[in-house]
Amino acid sequence: MHRIPARPLFALTTLAALLASPAAHAQQAASAADPQATTWALGVAAGVERSPYRGYGNKTRALPLLMYNGSRFRFVGTTADLKLGALGPVSFDLRAKYADDGYKAGDAPILNGMEERKDGFWAGAHAMWRNPYADLSLEWLTDASGHSSGQTLKLLAEHRFKTGRLTFVPYLGANWMSSNYVDYYFGVRQNEATAQRAAYRGGSTTNLVGGLRTDFSFTQSQSLFLDLRLTHFGSGITDSPLVDRSSAAAVRAGYLYRF
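Before going into details, it helps to say that this report is about the structure given with it. Just so you know, these numbers come straight off a predicted model, no measurement behind them.

**Describing the environment of leucine 84**
Line of reasoning, step 1. Relative to the helices and strands, leucine 84 is located in strand 5 (residues 79-87).
Line of reasoning, step 2. Take leucine 84: its relative accessible area is 47%, and that puts it in the partly exposed class.
Line of reasoning, step 3. Spatially, the C-alpha atoms of leucine 84 and leucine 94 are 7.1 Å apart, while their sequence positions differ by ten residues.
Line of reasoning, step 4. Leave out the neighbours within four places in its chain, and leucine 84 touches Arg72, Phe92, Asp93 and Leu94.

Now the structure itself:
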């Protein structure tokens, strides 16, 4: 089953989030030679991702992509960073992000009768440590919109291999989500419980993420990228009666033109 969300904003923001990792990687590579350089990039991307919600199916999208990188400010899709500077090989940013984690009752049969869960605006901090072995990034965010009152903490390690025009970036990470976050998006309130959907209060959990990004530059400005990702959900999510799988795969591909 392939499901194309009816809400254009939902689709746009989700795809931007899915593609942020490879796009940001290309952006950082473009500005590595001159940290003060200002760069823009335009492109188009497509993605297919399996939803954790029971009966939701796949999310399939094809949308444009926009990026900007300057000496003090950077944005990729729905993520914006204010650059604070660096201490040696470690750089620091203040980060703001729009996340479309919400849903409506009509999105899947298991959600019928559930109250709407809203998307959120998130704010926090990001740090990146570049070293010869693996680039390590740490992101902490809190729900500035107040819908879930949750927090997330993401740790990601990746290493870049380059041969000619082809680049490979395997990555592995962990995404911790607070109990408020899990309960808001995967919990079932007493007034939402049915014979097929028991009440559930979610607790904090950690998802494991692994994948491989590839980038092929066929000119100095133009490149194609592909991202293969697998997410293994933590028990706080898999124990929810709204969820029927322990992991989900995602594939993203696209074209990028850097100015």
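Moving on, there is more to tell.
**So, the packing of aromatic side chains**
Line of reasoning, step 1. Tallied over the entire structure, the rule returns 14 aromatic pairs.
Line of reasoning, step 2. Considering the side-chain rings of tyrosine 53 and tyrosine 103, the 5.2 Å spacing of their centres and the 70° angle between planes classify their relative orientation as edge-to-face. In this pair, tyrosine 53 sits in the loop between strand 2 (39-50) and strand 3 (58-69) while tyrosine 103 sits in the loop between strand 6 (90-99) and strand 7 (120-129), placing the two residues 50 residues apart along the sequence.
Line of reasoning, step 3. Classification of tyrosine 53 as buried rests on a relative accessible area of 7%.
Line of reasoning, step 4. Summarising the aromatic geometry, the rings of tyrosine 53 and phenylalanine 186 are spaced 5.3 Å apart at their centres and angled 20° between planes, so their arrangement reads as stacked. With tyrosine 53 in the loop between strand 2 and strand 3 and phenylalanine 186 in helix 2 (residues 179-186), this residue pair connects regions lying 133 residues apart in the sequence.
Line of reasoning, step 5. The buried category is assigned to phenylalanine 186, whose relative accessible area is 7%.
Line of reasoning, step 6. Within the aromatic cluster, the residues linked to one another by ring pairs are Trp40, Tyr68, Phe73 and Phe75.
Line of reasoning, step 7. The ring of tyrosine 184 carries arginine 117 above its face, with NZ or CZ at 5.8 Å from the centroid.

**Here we look at the side chain of histidine 126**
Line of reasoning, step 1. By the secondary structure assignment, histidine 126 is in strand 7.
Line of reasoning, step 2. Given the relative accessible area of 9%, histidine 126 is considered buried.
Line of reasoning, step 3. For histidine 126, the contacting residues outside a window of four places in its chain are Ser91, Phe92, Asp93, Arg95, Ser137, Leu138 and Glu139.

**Notes on the pattern of salt bridges**
Line of reasoning, step 1. Counting across every chain of the model gives 14 salt bridges.
Line of reasoning, step 2. The shortest N-O distance in the salt bridge between arginine 74 and aspartate 93 comes to 3.0 Å. One end of the pair, arginine 74, is in strand 4 (residues 73-76); the other, aspartate 93, is in strand 6, and 19 residues separate them in sequence. With respect to class, arginine 74 is no different from aspartate 93; both count as buried.
Line of reasoning, step 3. One salt bridge in this structure joins aspartate 81 and arginine 95, with 2.7 Å as the shortest N-O distance. Placement of aspartate 81 in strand 5 and of arginine 95 in strand 6 is noted, with a sequence separation of 14 residues between them.
Line of reasoning, step 4. Aspartate 81 sits in the buried class, given a relative accessible area of 3%.
Line of reasoning, step 5. A relative accessible area of 14% places arginine 95 in the buried class.
Line of reasoning, step 6. What you see here is one network of salt bridges that share partners, running through Arg74, Asp81, Asp93, Arg95, Lys97, Glu139 and Lys154.

**Examining the nonpolar core**
Line of reasoning, step 1. Of all hydrophobic cores here, the largest spans 23 residues; its most connected members are Tyr53, Leu111, Phe186, Ile237 and Leu242.
Line of reasoning, step 2. In terms of residue count, helix 2 provides more of this core than any other element does, five residues in total.
Line of reasoning, step 3. Phenylalanine 186 has contacts with Pro52, Tyr53, Tyr200, Ile237, Ser240, Leu242 and Val243, leaving out every residue within four places of it along the chain.
Line of reasoning, step 4. Listed in part, the seven residues of the second largest apolar core include Ala41, Leu65, Val76 and Leu256.

**Section: the side chain of threonine 231**
Line of reasoning, step 1. Along the chain, threonine 231 turns up in strand 13 (residues 222-232).
Line of reasoning, step 2. Overall, threonine 231 belongs to the buried group, its relative accessible area being 10%.
Line of reasoning, step 3. Residues within four places of threonine 231 in sequence aside, it is in contact with Asn207, Leu208, Val209, Ser246, Ser247 and Ala248.

Calculation notes
- Residues numbered from 1 in each chain as written.
- Predicted model: local features only at pLDDT ≥ 70, side-chain atom pairs only at ≥ 80, totals over all residues.
- Heavy atoms only, no water.
- Helix = DSSP H or I, 4+ residues; strand = E, 2+ residues; numbered from the N terminus.
- Buried < 20%, exposed > 50% of the residue type's maximum accessible area, 1.4 Å probe, protein only.
- Contact = heavy atoms within 4.5 Å.
- Phe/Tyr/Trp six-rings, centres within 6.5 Å; stacked < 30°, edge-to-face > 60°.
- Lys NZ or Arg CZ within 6 Å of the ring centre and 35° of its normal.
- Salt bridge = Lys/Arg side-chain N within 4 Å of Asp/Glu carboxyl O.
- Core = buried A, V, L, I, M, F, W, Y, C linked by side-chain atoms within 4.5 Å.

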